[in-house]
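Each chain is listed here by its residues.
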Amino acid sequence: MWRQRQQHACGGLWLFLCVLLFPSSALAQSSSDMSINAPFQDSFNRLTHAACVTLFHRKGRLGCGTEDRSLHVGKLVYYKGNSNGNNNFPSVNEDFVAVVEEYHLDASTLNTLVQGNSNGYLKGLLFLNSTGIDYNRDKSYYSPAAQSPRGYGTPSAYEWYGNNAYPWNAKGQGLNIYDFYGLPMAYVPDSDVSNELRNAAMNQINKNNNNNNNEEQQEGSSSIVAEFNYYMGPDGINSLECLGWKDQADGKWSPKCLPLGGTSVWATAGSPEPNQDNQNNNNNDDINDDDARRELNNNNNNNNYYYDANNRPVVLVAAGMDASSLFHDLVPGANSAASNILALLMAAKMVGGLGDNVLDKLTYRIAFGFFQGETYGFAGSRSFLRDVAFPGFQCSANDRIVRSVANNDKSEKACLYPLRHSLEFQRLGPIAGMLAVDQVGLPVADGLLYVHNDGQGDGSFGSFMSNVLKYSYTSNFAVSYTSIEDNDNGWPFPPSPLQSLVQLSQGAAGGAVLTGYDYAFTNQVPFHSHLESNQEKQMDLDAIAAAATLLARAALAAAYDGGQYDYETSSQYASQWIGELSSSDETLNILANCLFKDGNCDYLKKYNSMERENDKARTGFSYGSGYPLGTPPNYYVGVYNINYGQPFVQVGDSVYGAYDGDKYGNRGADAFGIQPTLLESAIRGMLNDFLGRGSNLNGGSAQECSKPSDCDNVQYCQKNDDHAVCTGGGKCVCARSHFHLALDEALEAKPGMGTGYFVQSENDNEISAVYTEPYWSNDVGVRVYRDVGQIPGVVTLGVGAVVSGLCVLAAFVLKVGLKKEKMY
Ligand SMILES: *[C@@H]1O[C@H](CO)[C@@H](O)[C@H](O)[C@H]1NC(C)=O
């Protein structure tokens, strides 16, 4: 796939030369994997880089890349940093690549280097893993993310309600959203390789100095150079132009970008509610928005037009599941993504443990939302909330609403255009409010979490939720209101899925956010940096367990309370039903290991693979195992395509991103499909397992299963159109969870085309960020090699000894090798 595929320990010319020298290995290679050059396999395996890449957005670009297709080559020069107030711009008068320690990766360094580059000698930046270097490390690391993440000054600035300029990320320097056009950069994660590069770069400085003192050029001196091949598109274009790109030669539509996006996962607690024909309820042409909002605000659910009015209002417990850094292949997101996911999963498990007999009697319904792409314009929560209620999804025509598996009348409904692989979200009732969770892995104070609400004041869902959280304290964690005070600039509440709910409902629906921070993000690990990892700073499982308990209790309290806003009675009720999760809980610890350390753990893999079998049994499509979370885990959102969350429909022999023809269903095998990542699929499986223990179990145990058909005759998932599925937990459970596309609202798949073609939606109201990632070149990467001067390769080729020497070098220094292969 498209990101993270490194290739060629020995690239290009080197590969060619080395193959000449090592014919046996060349043979071995052609018979197995061409992408790995066998003699250098070891060094290849150690050598990787993580690039700073370009992203386009609605109004332009950000990130790194070269201006055009020509390679950027320069000799390695060690950059000492300018911490002493000196401008240490390297004094060289030839093309160079600055080699920089990661602890110098901040705005001051980049300013010095970018501003000082008036003669254009600086060709690129390599950042080193500084592990093992004895330096005076500033524990208060700057964060590369914006000071107001997703807010003021970012492409998501208009997706806010109220104050978008509050400096949540007080240490933020905005590097992640800066446009470094013309300057390629990469990080070298391997500390051994970093050492070699550091030594090489430092030694060259010395040589340079010697040469300056002594005019005489050393005969045969050579320098070690880095070569960046990082063309990521021209200047002056934006996402929509990039998506709509036409080849000049033939005028053929040939997009050069794909949107950032993926798949959100949502689930309900308790049995399904009666299935209404939602399309009739969506007939809202003559209803004005304000009326509907007012109704929502009054909790009057007799006459809602945007969702299933007959169903109970929903308390949505939600979190963002992605993070970022300057280098998208290194996004550990331990506090800002993994901790959220962990707390929310454990909360779902506790709520599910109540059983449907309790859950079905609650006045409101509890739902969980794991939203993808939140870092990039709240893509997941906005996609979901817009479809559910604000303004509510409209299929282009009633006859475009079909069964997601053409020959199965019982399969979920789907829409051919705009494509939705499932319309189950239309069965949700109105959203009564939201409880979000953010960054609870590293609380700033011992035994204390914080609650922020949307500032709608007394008598609002947000203030009710705040009080409930405060009253739901555990034996070792309390909850405090944030110390932020209203400063008349609009009440600030953190960037989280709650922002989407409040903005989309224009304040009619609200809620609260449970966090580990008070008035600003902790700086113990830098927010949205490649260092935001469990390895740098271990996440606090006590805090995460407490957050899960608090979320579960608060959700239950709100569902029980049903809009009375009697927080004392309802939190008392909830505390009786939901005990405290211990930080030594087995599932918590297994999942912590998966989400913080080993994304390829068995636990996620078994849930993921059963989900794929379920999908195969249902639709006939066989998917691979999905894009891995990786080890160490990577929480970058990813690039939306058919292998990465873009839902599709198969009609006859063709696959479409959306379909406006009339042949769907002519063939029995016609069906909708979606292939989320391993993590997203595993979450769907876990949510089914945790929440789907059924209504008639009554203490009995769920039926065991090892394949989908084992659950065909289960008796305990019967209410309404409930049905059983097998999960990776090895039990037949009642289906409770679903995927939803996480795609910027401005975009929709072009009907009648394959996947990967996107156009501006006619419902775009021009406020979303529209992030896309370009793939202008097939062949981007960084090489490091010894430059022997001007001798042409052809001549070199004749000289065995020299070639041999080159290959040794190629194996040795080189090859930070690292080609970054793009998928298309
Ligand atoms: C830096 O190197 C150390 C030691 O090899 C390693 O444990 C760590 O994960 C590396 N850091 C990153 C960000 O890759």
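Scroll up to find the structure.
Residues numbered from 1 in each chain as written. Predicted model: local features only at pLDDT ≥ 70, side-chain atom pairs only at ≥ 80, totals over all residues. Heavy atoms only, no water.

A.B. asks: Give a detailed account of helix 14 (residues 541–561), specifying residues and quantitative values.
C.D. replies: The terminal C-alpha atoms of helix 14, which comprises 21 residues, lie 30 Å apart, in line with the 30 Å expected from a rise of 1.5 Å per residue. At the exit of helix 14 stands Gly562, carrying a positive phi of roughly 60°. (Helix = DSSP H or I, 4+ residues; strand = E, 2+ residues; numbered from the N terminus. Expected span 1.5 Å × (residues − 1).)

A.B. asks: Please provide a residue-by-residue account of the packing of aromatic side chains, values included.
C.D. replies: In total, this model carries 32 aromatic pairs according to the counting rule given. Ring centres of Trp245 and Trp776 lie 5.0 Å apart, and the angle between their planes is 75°; this geometry places the pair in the edge-to-face category. A residue pair is termed long-range when its members are at least 10 positions apart, and Trp245 in the loop between helix 6 (239–243) and strand 11 (257–259) and Trp776 in the loop between strand 29 (772–774) and strand 30 (779–787) qualify at 531 residues. Assessed through its relative accessible area of 8%, Trp776 is described here as buried. One aromatic cluster is present, formed by Tyr166, Trp168, Tyr517, Phe521 and Phe527 through successive ring pairs. (Phe/Tyr/Trp six-rings, centres within 6.5 Å; stacked < 30°, edge-to-face > 60°. Buried < 20%, exposed > 50% of the residue type's maximum accessible area, 1.4 Å probe, protein only.)

A.B. asks: So, the sheet that holds strand 23 (residues 671–673): which residues are in play, and what are the values?
C.D. replies: A sheet is described by the order of its strands in space; here 3 strands give the open sequence 22-21-23, paired in antiparallel fashion. Both outer strands of the open sheet, strand 22 (654–656) and strand 23, are each paired with one neighbouring strand and no more. Strand-to-strand twist of the sheet, defined as the mean angle between neighbouring strand axes without regard to direction, takes the value 30°. (Pairing = 2+ DSSP bridges. Axes fitted to C-alpha atoms, helices over the stretch in contact; angles between N-to-C directions.)

A.B. asks: Any details on unusual backbone geometry? Residues and values, ideally.
C.D. replies: Of note, the amide linkage connecting Phe390 to Pro391 takes the cis form, showing an omega dihedral of 10°. Put simply, Thr631 and Pro632 share a cis peptide bond, and its omega is -5°. Note that Pro632 resides in the loop between helix 17 (602–619) and strand 21 (648–651). Of note, the phi angle at Glu766 is positive, near 65°, even though the residue is not glycine. With respect to the helices and strands, the residue Glu766 is situated in the loop between strand 28 (758–760) and strand 29.

A.B. asks: Mind laying out the packing of helix 12 (residues 461–471) against helix 14, listing which residues take part and the relevant values?
C.D. replies: For the pair helix 12 and helix 14, interaxial distance at closest approach is 9 Å and the crossing angle is 130°. As far as their axial angle goes, helix 14 and helix 12 are oblique. Between helix 12 and helix 14 the crossing geometry is right-handed. Residues Phe461, Phe464, Met465, Val468 and Leu469 of helix 12 form the contact with helix 14, whose participating residues are Leu550, Ala554, Ala557, Ala558 and Asp561. (Parallel < 35°, antiparallel > 145°, perpendicular 65-115°, else oblique. Left-handed = near helix turned anticlockwise from the far one by under 90°. Contact = heavy atoms within 4.5 Å.)

A.B. asks: Outline the packing of helix 14 against helix 15 (residues 567–577), listing residues and values.
C.D. replies: For the pair helix 14 and helix 15, the least separation of the axes is 8 Å and the interaxial angle reads 125°. Judged by the angle between their axes, helix 14 and helix 15 are oblique. In the packing of helix 14 onto helix 15, the handedness of the crossing is right-handed. Where helix 14 approaches helix 15, its residues Arg553, Leu556, Ala557, Tyr560 and Asp561 are matched on the opposing element by Ser570, Ser571, Tyr573, Ala574, Ser575 and Trp577. When its residues are assigned to classes, the contact of helix 14 with helix 15 shows 6 nonpolar, 3 polar and 2 charged. (Nonpolar A, V, L, I, M, F, W, Y, C, P; charged D, E, K, R; others polar.)

A.B. asks: Could you give an account of the site of the ligand, with specific residues and numbers?
C.D. replies: As a structural note, the neighbourhood of the ligand is formed by Asn129, Thr131, Tyr187, Pro189, Ser191, His530 and Gln535. In the model, an oxygen atom of the ligand is placed 2.7 Å from a nitrogen or oxygen of the Gln535 side chain. Protein coverage of the free-state accessible area of the ligand, which is 360 Å², stands at 65%. The residue makeup of the shell around the ligand, split by class, is 2 nonpolar, 5 polar and no charged. (Near = heavy atom within 4 Å. Polar contact = N/O pair within 3.5 Å; in protein donor to acceptor, adjacent residues only side chain to side chain. Areas by Shrake-Rupley, 256 points an atom, 1.4 Å probe, with all protein chains shown as cover.)

A.B. asks: Quick one: what's the story with helix 13 (residues 497–504), residue by residue and with numbers?
C.D. replies: Think of an α-helix as turning once every 3.6 residues; residues three or four places apart then point the same way. Of all 8 residues in helix 13, 8 are buried; the element is thus mostly enclosed. By the burial criterion, the buried members of helix 13 are Pro497, Leu498, Gln499, Ser500, Leu501, Val502, Gln503 and Leu504. Within two residues after helix 13, Gln506 carries a phi angle of roughly 50°, on the positive side.

A.B. asks: I'd like a description of the pairing of strand 12 (residues 261–268), backed by residues and values.
C.D. replies: Within strand 12, 8 of the 8 residues are buried, leaving the element largely enclosed by the surrounding structure. The pairing of strand 12 with strand 26 (residues 737–743) spans 7 bridges and is classified as antiparallel. Bridging across to strand 26, Val265 finds its partner in Phe739. Relative to strand 14 (residues 365–371), strand 12 runs antiparallel, the two sharing 4 bridges. Across the sheet, residue Ala267 finds its bridge partner in strand 14, namely Phe368.

A.B. asks: Give me the pattern of salt bridges: which residues, what numbers.
C.D. replies: A full pass over the atoms with the stated rule returns 21 salt bridges. Here Asp356 makes a salt bridge to Arg736, at a shortest N to O gap of 2.7 Å. Separated by 380 residues along the polypeptide, Asp356 in helix 10 (residues 356–359) and Arg736 in the loop between strand 25 (732–734) and strand 26 bring together distant segments of the chain. The exposure class of Asp356 is buried, given its relative accessible area of 2%. The exposure class assigned to Arg736 is buried, which follows from its relative accessible area of 1%. With a shortest N-O distance of 3.0 Å, Arg736 and Asp722 are connected by a salt bridge. Remark: Asp722 occurs in the loop between helix 18 (678–691) and strand 24 (724–726) and Arg736 occurs in the loop between strand 25 and strand 26; sequence separation between them is 14 residues. One exposure class covers both Arg736 and Asp722, and it is buried. Shared partners join several salt bridges into a network, and the residues in it are Glu159, Arg382, Arg386 and Glu745. (Salt bridge = Lys/Arg side-chain N within 4 Å of Asp/Glu carboxyl O.)

A.B. asks: Can you lay out the sheet that holds strand 14 for me, pointing to particular residues and giving the numbers?
C.D. replies: Backbone hydrogen bonds hold the strands of a sheet together, and the pairing may be parallel or antiparallel. Overall, mixed pairing links the 8 strands, which are arranged 19-18-20-17-13-14-12-26 in an open sheet. With one partner strand each, in any of the chains shown, strand 19 (478–481) and strand 26 form the two edges of the open sheet. Neighbour to neighbour, the strand axes of the sheet diverge by 25° on average, direction disregarded. Of the pairings in the sheet, the one linking strand 17 (residues 431–438) to strand 20 (residues 511–515) comprises 5 bridges and is parallel in character. Among the inter-strand pairings, Ala436 is bridged to a residue of strand 20, identified as Val513. Those strands touched by helix 18 are strand 12, strand 14 and strand 26, and its axis lies near 0° from that of strand 12.

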